[in-house]
Amino acid sequence: QVQLAESGGDLVQPGGSLRLSCSASGIISGGYVMGWDRQAPGKERELVARITTDKRTNYADSVKGRFAISRGRSGNMVYLQMNNLNPDDTAVYYCYFRTFFSKEYWGQGTQVTVSS
């Protein structure tokens, strides 16, 4: 089992920045993928960003150039730096973890609200 704990969600004005953090604990070993998904009110959950153990990344087109995903040196932390936020970024952001055997986990989520 893998447990994920997110933090960093907040209310921010358009154009502002936030940094989300996620800590993974439990059975973590071997190659795995961490990342972030989000779900806005009335919409399906969508992929925001992924990062592999060798730090390859991919992003949703809507966040490219504004968001940056990174991992901590210990490998059990993942961060999402979000810049130039706009109201369309308002959502619950979920930390994501995929094991070497493709089992997936999500955290409880952290609310990000972009509003003036």
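Each chain has its residues counted from 1, following the order in which its sequence is written. Two thresholds apply to this predicted model, a pLDDT of at least 70 for residue-level local features and 80 or more for giving and counting side-chain atom pairs, whereas whole-chain, interface and lining totals are computed over all residues. Side-chain metrics rest on all non-hydrogen atoms present in the structure, leaving aside hydrogens and water.

With respect to the pattern of salt bridges
Salt bridge, as used here: a side-chain nitrogen of Lys or Arg that lies within 4 Å of a carboxyl oxygen of Asp or Glu. Applying the stated criterion across every chain yields a total of six salt bridges. A salt bridge links Asp37 to Arg50, with the nearest nitrogen and oxygen atoms 2.8 Å apart. One end of the pair, Asp37, is in strand β4 (residues 33-39); the other, Arg50, is in strand β5 (residues 46-52), with 13 residues separating them in the sequence. Per residue, the accessibility class of Asp37 equals that of Arg50, and both read buried. Across the salt bridge formed by Glu46 and Arg38, the nearest N and O atoms sit 2.7 Å from each other. Where helices and strands are cited, they refer to DSSP runs of H or I of at least four residues and of E of at least two residues respectively, numbered from the N terminus. Each residue is placed in one exposure class: buried if its accessible area under a 1.4 Å probe, protein chains only, is under 20% of its type's maximum, exposed if it is over 50%, and partly exposed if it falls in between.

Brief notes about the nonpolar core
Nonpolar core, defined: a set of buried Ala, Val, Leu, Ile, Met, Phe, Trp, Tyr and Cys residues in which side-chain atoms within 4.5 Å join the residues together. If you look at the biggest cluster of nonpolar residues, it comprises 29 residues, and the most contacted ones within it are Trp36, Leu80, Met82 and Tyr93. Taken together, the elements giving at least two residues each to this core come down to β1 (2-7), β3 (18-26), β4, β5, β7 (67-71), β8 (77-82), β9 (91-98) and β11 (110-114). What Leu80 contacts, discounting residues up to four positions off in sequence, is Leu18, Arg19, Leu20, Trp36, Val48, Ala49, Phe67, Ala68, Ile69 and Tyr93. Contacts are assigned to residue pairs that have any heavy atoms within 4.5 Å of one another.

Some points on the packing of aromatic side chains
By convention, a stacked pair of Phe, Tyr or Trp rings (six-membered ring in the case of Trp) has centres within 6.5 Å and planes under 30 degrees apart, an edge-to-face pair has planes over 60 apart, and any other such pair is tilted. Per the counting criterion, the structure on display carries three aromatic pairs. An angle of 90° between the planes, with centres 5.2 Å apart, marks the rings of Phe100 and Phe101 as edge-to-face. For the pair Phe100 and Phe101, a shared accessibility class is recorded, and that class is exposed. Two limits define a charge over a ring: the Lys NZ or Arg CZ must be within 6 Å of the ring centre, and within 35 degrees of the ring normal. Taking the ring centre of Tyr96 as reference, the NZ or CZ of Arg50 above it sits at 3.6 Å.

What to know about the pairing of β3
Both β1 and β3 contribute to a ladder of six bridges, which runs antiparallel. Counterpart to Glu6 in the pairing with β3 is Cys22. When DSSP finds two or more bridges between two strands, those strands count as paired.

Some details on the side chain of Asp89
Considering the arrangement of structural elements, one finds Asp89 in the loop between β8 and β9. With residues near it in sequence (within four places) discarded, Asp89 still touches Arg38, Arg66, Phe67, Asn84, Val112 and Val114.

Here's the deal with the pairing of β9
Counting buried residues along β9, six of its eight residues qualify, which places the element largely inside the surrounding structure. Judged from the seven bridges that link them, β4 and β9 form a sheet pairing that is antiparallel. Along β9, the bridge assignment pairs Trp36 with Cys95. Note that β9 and β11 share three bridges and pair antiparallel.

Considerations on the sheet that holds β8
Taken together, four strands build an open sheet; the order of strands is β1-β3-β8-β7 and the sheet is antiparallel. Strands at the two margins of the open sheet, each flanked by one partner only, are β1 and β7. Neighbour to neighbour, the strand axes of the sheet diverge by 15° on average, direction disregarded. Note that β7 and β8 share five bridges and pair antiparallel. Within the sheet, the bridge partner assigned to Ser70 lies in β8 and is Tyr79. Lines are fitted to the C-alpha atoms to define the axes, a helix being fitted only along its stretch in contact, and any angle between axes, read from their N-to-C directions, falls within 0 to 180 degrees.

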